[in-house]
Every structure is written in structure tokens, then in C-alpha cells.
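Given next are the chains, with one letter for each unit.
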Amino acid sequence: MSPSRPLIGLAALALIGAILALDLARTGAPDL
Amino acid sequence: MFLRRATVLVLILGLTGFAFLMAGPRAGLLVMVGLGFGLVLEGLRFGFAGPWRMIVTDRDGRGLLAQLIAIGMVAAVALPLLGANPAELAGAHAPVGFAMVLGAFVFGLAMQLVMGCGSGTLVNAGSGNLVGLLALAGFIGGSFAGTLHLGWWTGLGSLPVVSMQGIAGTNGGLVLTLAGLALVGAVTIARAAPGKRMPPVRLWIAAALVAALALANLVIAGQPWGIVYGLGLWGAKLAQAGGADLAQTAFWAADGNAARLSASILTDVTSLTNIGLLVGAFAVMRWRADPGAPAQALTAVSYAGVLLAALVLGYSARLAFGCNVGAFFSGISTGSLHGWVWLVAAFAGSTLGIRLRPVLLRPTTGRGAYA
């Protein structure tokens, strides 16, 4: 049985969020 | 249902506001463009890989014709814009070469195995398809790996960059581009079965919206819609976080790429639209009363095969100077010859990929192939 669509969609958001958070921790926020 | 939809609206507004506040108005606008792409591609079921399969397997040309219509709409505005504003706007122009043709062929093949191109992978992952999620991870790794070897591959030989407007001027280039699209459209109609030739209203609306968003991308970012660069950058960021010294690589040591690598993802054009696209597709899936049944579960070997095919997909996209979006859609609509060569090579690969698909994608139940 495959996981539900909402669960997989949330996992995709979590993947993007993790990459973004890791990047912001390393580079800091952009200079506005 | 109200709470779920309210959460979706908060997610969309929150992401847009976050980009505006963190990286300025251009970043916020590009996230909005990406969200628009996600809403249209998932909401109106406008895609690239699926229609390429349908014209071969079902003689259904409606989706492919919608793609050509959207490209023509963009070209009609983008080519004059590029001609009038050469200092501020750039087309998706790349050289035709051995690696580019091979990359496009392999990309077309792998695209059918993972059920999506670059944009399709983001849409599939965001809308809750496990194959799409695996493909996204593989695509990120593959497109980064492709940057490490790009110099070697392009060293195998390539022609100078050729554009339609370079051959015949802005107006002549537009005529050549529209004539080429009309020719491919005529071949599609001739191949399609009766009743499967004219796109339905849904696809006409989708084509117009995709074209409008692509033009907004060009005006806001100064460059056409793309996917692959952002995914490769994410892979590079992860490799760097893992201790890799990318300053020793030719691609990431180049000025522009080194600047992107040291700056926030929120300053990278394609990263912003990619994030928006995935979130937009997620929003559509969550907005629906019924998100749909999960895709058929595959065997463990099939999932491993999907991951491997996605690595190849990302790698080949880098060699081919783009995917269906960056090379086919944006390349042709901004006059690049490589977009046309990409189309021929990728379609040939796609046709082979369609035949291999039942071999790779095996469901855990029953004896059939993956739908």
C-alpha cells in the first residue's frame, strides 16, 4: 500500500523546507 | 474542508510574504509566478511528458498541440521583447553539440520512466506521488553530478550558438519560429486520431495561462522560465554542506555560479519558481475535496529503478542545457536552434522510454504494468 497523497506532498514540502533552512543557516538571509 | 483550504491559503500567502520580506520584491514576484505554474499545471492538468506519451500510444495529439500553442504565444511576445531590450533580457540560447543531443535523447527516455520532466517531477512530488518524490531527490543529485562533468562533455564538440533572430532578424526569427511550430502542429494533427486533434477549452486556457506566466518570468527575472539550474544548485548546496570543496570544479568556480553558490537560494531565479511550482501543486491537491487515491505501489526494485532513472534524468538535463521547460519550451520560444534539436532528440528518446516503462514500473499487486 502506498502512503496517502497528502502525506507524500508534505514530505516533498519538508524536503524543500529542509534544503532552504540548511541554506539559510549557511549563507544567512539575503541583504535587502 | 474549510480548515484544510484555509491552511492552503495561509501556506501560499506565507511563502509569498516570506520571499518578499527575506529577499525583496523580485523574489516575492517570482515565487508568485512559480505558484501560478503549479496551480495551472496541476489544476488544469497541463503537462509535457504525458502528452508526448499520449500521441505515441493513443494517437491523442491534444496535449502536445496545447504545448505548441503556448510556445507560439510566448514567442509572439518574447522575441520582440528580446529584440527591443537586449541589455536587460536574455533568451534561453545554448549551442547544439554532441553532448546536448545525447543528453536530450537520454532525458526523453528517462522522463517516461519517472513519469515526468523537470516541471512534471516538481508537480508530481507536490501533488503527492511517491514516484515524483523519489524522482525529485534523484533529479537534484543527477543535475548536480552533471555540472561536475559538463566541461568534459561539451569538449566533445559543439557548434556556435544559433538563434532564429540571428539568422533572420527579430521579425524573421518570429516567422521562422511560428512556421516551425505550425509544421510540428500539422504533423501532430496528421498523426492524431479523429476526435483527439483539437485541444479542449481546459487546455486552451492552460496554454494561455502558462504563456502569460512564462512571459511574466521573462519580464521579472530577465530570463526565460527554467527548472534544471535551480535543482542542480540545491544539489551543490547539499554537497557543500557535506564538506565538498566545489571551488575546485570548473562549473562552480565560474563567477556567476560561484556567486549563486555563496548566496541564498532565495536570490536564485529558478529556485524561487521551482519552490513556488511545487507548493502550488501541493495547494491544488489539498484544495480538492478528494486528493485522489495514492498511485499504485511498486515493487522495491521498481522504486530503486525510478531513483536511478531520476539520477540519469537530472544528469542528462544538465548536458542537454535544459529540460522540457528550459530547452524545449523556453529555447524555442526565445528563438534558440538548440530548442528544436532538443525536441527531435528528446522525442526519439521518449518513444524508446515508453517501450521500457512497463519493464521498469512493476506494481506490487497483479501482473500489469504501472498505469
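Just so it is clear, the model here is predicted, and its values are computed rather than measured.

(A) Broad picture of the overall build of chain B. In terms of regular secondary structure, chain B is built from 16 helices and zero strands. Along the longest, intermediate and shortest principal axes, the C-alpha atoms of chain B span 55 × 55 × 45 Å. Among the 371 residues that make up chain B, the fraction classed as buried is 55%.

(B) Quick peek at the packing of aromatic side chains. All names here are of chain B. As enumerated under the stated definition, the model contains 13 aromatic pairs over all chains in all. On the numbers, 5.4 Å between centres and 50° between planes, the contact of Trp-52 with Phe-347 is tilted. Of the two residues, Trp-52 is situated in helix 3 (residues 49-57) and Phe-347 in helix 16 (residues 337-360); the sequence distance between them amounts to 295 residues. Accessibility expressed as a relative area gives 0% for Trp-52, which makes it buried. Accessibility expressed as a relative area gives 25% for Phe-347, which makes it partly exposed. For the pair Tyr-229 and Phe-251, a centre-to-centre distance of 6.5 Å together with 40° between the ring planes defines the contact as tilted. Of this pair, Tyr-229 sits in helix 10 (residues 228-241) while Phe-251 sits in helix 11 (residues 250-253), placing them 22 residues apart in sequence.

(C) Quick peek at a nonpolar patch on the surface. Residue and element names in this part refer to chain B. A cluster of nonpolar side chains, contributed by Phe-20, Leu-21, Leu-29 and Met-32, occupies part of the molecular surface with about 380 Å² of accessible area. Sorting the residues of the nonpolar patch by element identifies helix 1 (2-23) and helix 2 (25-43) as the ones contributing at least two each. Among the secondary structure elements, Leu-21 is positioned in helix 1. Since its relative accessible area comes to 66%, Leu-21 is described here as exposed.

(D) Structural context of the packing of helix 5 (residues 98-113) of chain B against helix 14 (residues 300-319) of chain B. Residues and elements named next belong to chain B. Where helix 5 contacts helix 14, the two axes come as close as 8 Å, and the packing angle between them is 150°. The angle between the axes of helix 5 and helix 14 places the two elements in the roughly antiparallel class. Helix 14 is crossed by helix 5, and the crossing has left-handed handedness. On helix 14, the residues that touch Ala-99, Met-100, Gly-103, Val-106, Phe-107, Ala-110, Met-111 and Leu-113 of helix 5 are Val-306, Ala-309, Val-312, Leu-313, Ser-316, Ala-317 and Leu-319. Here the residues of the contact of helix 5 with helix 14 sort into 13 nonpolar, two polar and no charged.

(E) Broad picture of the interface of chain A and chain B. Taken together, the contacts link 25 residues of chain A with 41 residues of chain B. Counting the surface chain A buries against chain B, the share from its top three residues, Arg-5, Ile-16 and Ile-19 of chain A, is 25%. Salt-bridge contacts for Lys-237 of chain B lead to Asp-23 of chain A; the nearest nitrogen and oxygen are separated by 2.8 Å. Our enumeration of links across chain A and chain B arrives at four residue pairs in polar contact (both at pLDDT 80 or more). Considering only residue class, the side of chain A that touches chain B consists of 17 nonpolar, five polar and three charged.

(F) Quick look at unusual backbone geometry. Residue and element names in this part refer to chain B. Backbone geometry places Met-115, a non-glycine residue, at a positive phi of 65°. Note that Met-115 resides in the loop between helix 5 and helix 6 (118-126). Relative accessible area serves as the criterion here: at 16%, Met-115 is assigned to the buried category. We note that Phe-321 has phi near 60°; this positive angle belongs to a residue other than glycine. Summarising the element assignment, Phe-321 is placed in the loop between helix 14 and helix 15 (324-333).

(G) View of the pattern of salt bridges. Residues and elements named next belong to chain B. The final tally for this structure, using the stated rule, is three salt bridges over all chains. In this structure, Glu-42 engages Arg-288 in a salt bridge whose closest nitrogen and oxygen atoms are separated by 2.9 Å. Remark: Arg-288 occurs in the loop between helix 13 (269-287) and helix 14 and Glu-42 occurs in helix 2; sequence separation between them is 246 residues.

(H) Spotlight on the nonpolar core. All names here are of chain B. If you look at the biggest cluster of nonpolar residues, it comprises 107 residues, and the most contacted ones within it are Phe-46, Phe-107, Trp-225, Phe-329 and Trp-342. Ranked by residue count, the leading element in this core is helix 9 (residues 201-221), at eleven residues. Residues in contact with Phe-329, not counting those within four places in the same chain, are Phe-48, Ala-70, Ile-71, Val-74, Val-210, Ala-214, Trp-225 and Asn-324. Core analysis: the second largest hydrophobic core is formed by twelve residues, Ala-99, Ala-239, Trp-252 and Leu-261 among them.

(I) Molecular detail of the environment of Arg-53 of chain B. Within the secondary structure, Arg-53 of chain B sits in helix 3. Excluding its chain neighbours within four sequence positions, the residues that come into contact with Arg-53 of chain B are Asp-58, Gln-112, Ile-354 and Arg-357 of chain B.

Rules used throughout
- Residues numbered from 1 in each chain as written.
- Chains lettered and ligands numbered in written order.
- Predicted model: local features only at pLDDT ≥ 70, side-chain atom pairs only at ≥ 80, totals over all residues.
- Heavy atoms only, no water.
- Helix = DSSP H or I, 4+ residues; strand = E, 2+ residues; numbered from the N terminus.
- Buried < 20%, exposed > 50% of the residue type's maximum accessible area, 1.4 Å probe, protein only.
- Phe/Tyr/Trp six-rings, centres within 6.5 Å; stacked < 30°, edge-to-face > 60°.
- Patch = residues over 30% accessible without salt bridge, like charges linked within 9 Å, V, L, I, M, F, W, Y side chains within 5 Å.
- Areas by Shrake-Rupley, 256 points an atom, 1.4 Å probe, with all protein chains shown as cover.
- Salt bridge = Lys/Arg side-chain N within 4 Å of Asp/Glu carboxyl O.
- Axes fitted to C-alpha atoms, helices over the stretch in contact; angles between N-to-C directions.
- Parallel < 35°, antiparallel > 145°, perpendicular 65-115°, else oblique.
- Left-handed = near helix turned anticlockwise from the far one by under 90°.
- Contact = heavy atoms within 4.5 Å.
- Nonpolar A, V, L, I, M, F, W, Y, C, P; charged D, E, K, R; others polar.
- Buried area = accessible area lost by both parts, 1.4 Å probe.
- Polar contact = N/O pair within 3.5 Å; in protein donor to acceptor, adjacent residues only side chain to side chain.
- Core = buried A, V, L, I, M, F, W, Y, C linked by side-chain atoms within 4.5 Å.

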